[in-house]
Amino acid sequence: MATNLTLEDRIRFATQYLLCCLKADAPIRSSNLAQNGIQFIADGQVTVGGEPAPYAVYTNEPWISERWHGKQNPNEGWLEYSIERAKPGIRSIFSGVYSEDDIDAMISDEESTFEDRKKERSEAIRNGGE
């Protein structure tokens, strides 16, 4: 059941949802980008990279590495993918389809995805993986 959220509430929820999607989809070698380099600024604005993660642009852009024998960037396009994945949820938030509880559940699911990915990465590092 949809609730009568204000426009400010919808912007806040949509921004929080996008932020969680970006964190869940971010490359997670050290998790610095997801934990520190994806931030809410103000008025529905989100930043990716900046001072905490100046390398962020390179995680998304196309490149081929001689170091890795001509392999393509495995994370290429992750930002676009994440934004596209978040769009239906954001549209639903603004259209009034979801209640506050529904929105909280969507956000919680994305937070859980990120936490699960961090755990998997930690285990891989403990087991000697890159």
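Reading guide: rules and limits
- Residues numbered from 1 in each chain as written.
- Predicted model: local features only at pLDDT ≥ 70, side-chain atom pairs only at ≥ 80, totals over all residues.
- Heavy atoms only, no water.
- Helix = DSSP H or I, 4+ residues; strand = E, 2+ residues; numbered from the N terminus.
- Buried < 20%, exposed > 50% of the residue type's maximum accessible area, 1.4 Å probe, protein only.
- Contact = heavy atoms within 4.5 Å.
- Areas by Shrake-Rupley, 256 points an atom, 1.4 Å probe, with all protein chains shown as cover.
- Lys, Arg positive; Asp, Glu negative; His and termini not counted.
- Charge placed at Lys NZ, Arg CZ, Asp CG, Glu CD.
- Salt bridge = Lys/Arg side-chain N within 4 Å of Asp/Glu carboxyl O.
- Core = buried A, V, L, I, M, F, W, Y, C linked by side-chain atoms within 4.5 Å.
- Axes fitted to C-alpha atoms, helices over the stretch in contact; angles between N-to-C directions.
- Parallel < 35°, antiparallel > 145°, perpendicular 65-115°, else oblique.
- Left-handed = near helix turned anticlockwise from the far one by under 90°.
- Nonpolar A, V, L, I, M, F, W, Y, C, P; charged D, E, K, R; others polar.
- Patch = residues over 30% accessible without salt bridge, like charges linked within 9 Å, V, L, I, M, F, W, Y side chains within 5 Å.

Caption draft 1: Region of interest: the overall build of the protein. If you tally the helices and strands in the protein, you get five helices and four strands. Mapped from its N terminus to its C terminus, the protein presents α and β elements in the order α-α-β-β-α-β-β-α-α. Burial status across the protein gives 33% buried among its 130 residues. Partitioning the intrachain contacts of the protein with sequence separation of at least 6 by distance along the chain shows that 57% fall at a separation of at least 24. Of the roughly 8300 Å² of accessible surface on the protein, 51% is carried by carbon and sulfur atoms. Taking the average location of the 14 positive side-chain charges in the protein and that of its 22 negative ones, the two points are 6 Å from each other.

Caption draft 2: Geometry of the pattern of salt bridges. For the structure shown, the criterion picks out five salt bridges. Glu84 is the salt-bridge partner of Lys87, the closest N and O atoms lying 2.7 Å from each other. Of this pair, Lys87 and Glu84 both sit in helix H4 (residues 78–95), three residues apart, roughly one helical turn. Residue class for Lys87 comes out partly exposed when judged on its relative accessible area of 30%.

Caption draft 3: Representation of the nonpolar core in the model. Formed by 25 residues in total, the largest nonpolar core has its most connected members in Tyr17, Leu33, Ile38, Trp78 and Ile93. Going through the elements one at a time, helix H1 (7–25), helix H2 (32–36), H4 and helix H5 (100–126) are the ones with two or more residues in this core. Of the residues forming this core, the biggest block, nine residues, is contributed by H1. Aside from chain neighbours lying at most four places away, what touches Ile93 is Arg10, Phe13, Ala14, Tyr17, Tyr98, Ile103 and Met106.

Caption draft 4: Just the packing of H1 against H4, in detail. Here H1 crosses H4 at 150°, and the two axes come no closer than 9 Å. If you check the angle between H1 and H4, you find them roughly antiparallel. Taken as a pair, H1 and H4 cross one another with a handedness that is right-handed. In this structure, H1 uses Leu7, Arg10, Ile11, Phe13, Ala14, Tyr17, Leu18, Cys21, Leu22, Ala24 and Asp25 to contact H4, whose residues at the interface are Trp78, Leu79, Tyr81, Ser82, Ile83, Arg85, Ala86, Gly89, Ile90, Ile93 and Phe94. Its residues placed into classes, the contact of H1 with H4 shows 17 nonpolar, two polar and three charged.

Caption draft 5: Summary view of a negative patch on the surface. On the surface, a cluster of negative charge is made up of Glu100, Asp101, Asp102 and Asp104. In this structure, Glu100 sits in helix H5.

Caption draft 6: Representation of the packing of H1 against H5 within the structure. Viewed as axis vectors pointing N to C, H1 and H5 meet at an angle of 20°, and their least axial separation amounts to 8 Å. It follows from the interaxial angle that H1 and H5 lie roughly parallel. At the point where H1 passes H5, the crossing takes the left-handed sense. The residues of H5 that touch H1, namely those facing Phe13, Gln16, Tyr17, Cys20, Cys21, Lys23, Ala24 and Asp25, are Glu100, Ile103, Asp104, Met106, Ile107, Glu110, Glu111, Thr113, Phe114 and Arg117. Among the residues forming the contact of H1 with H5, the class breakdown is nine nonpolar, two polar and seven charged.

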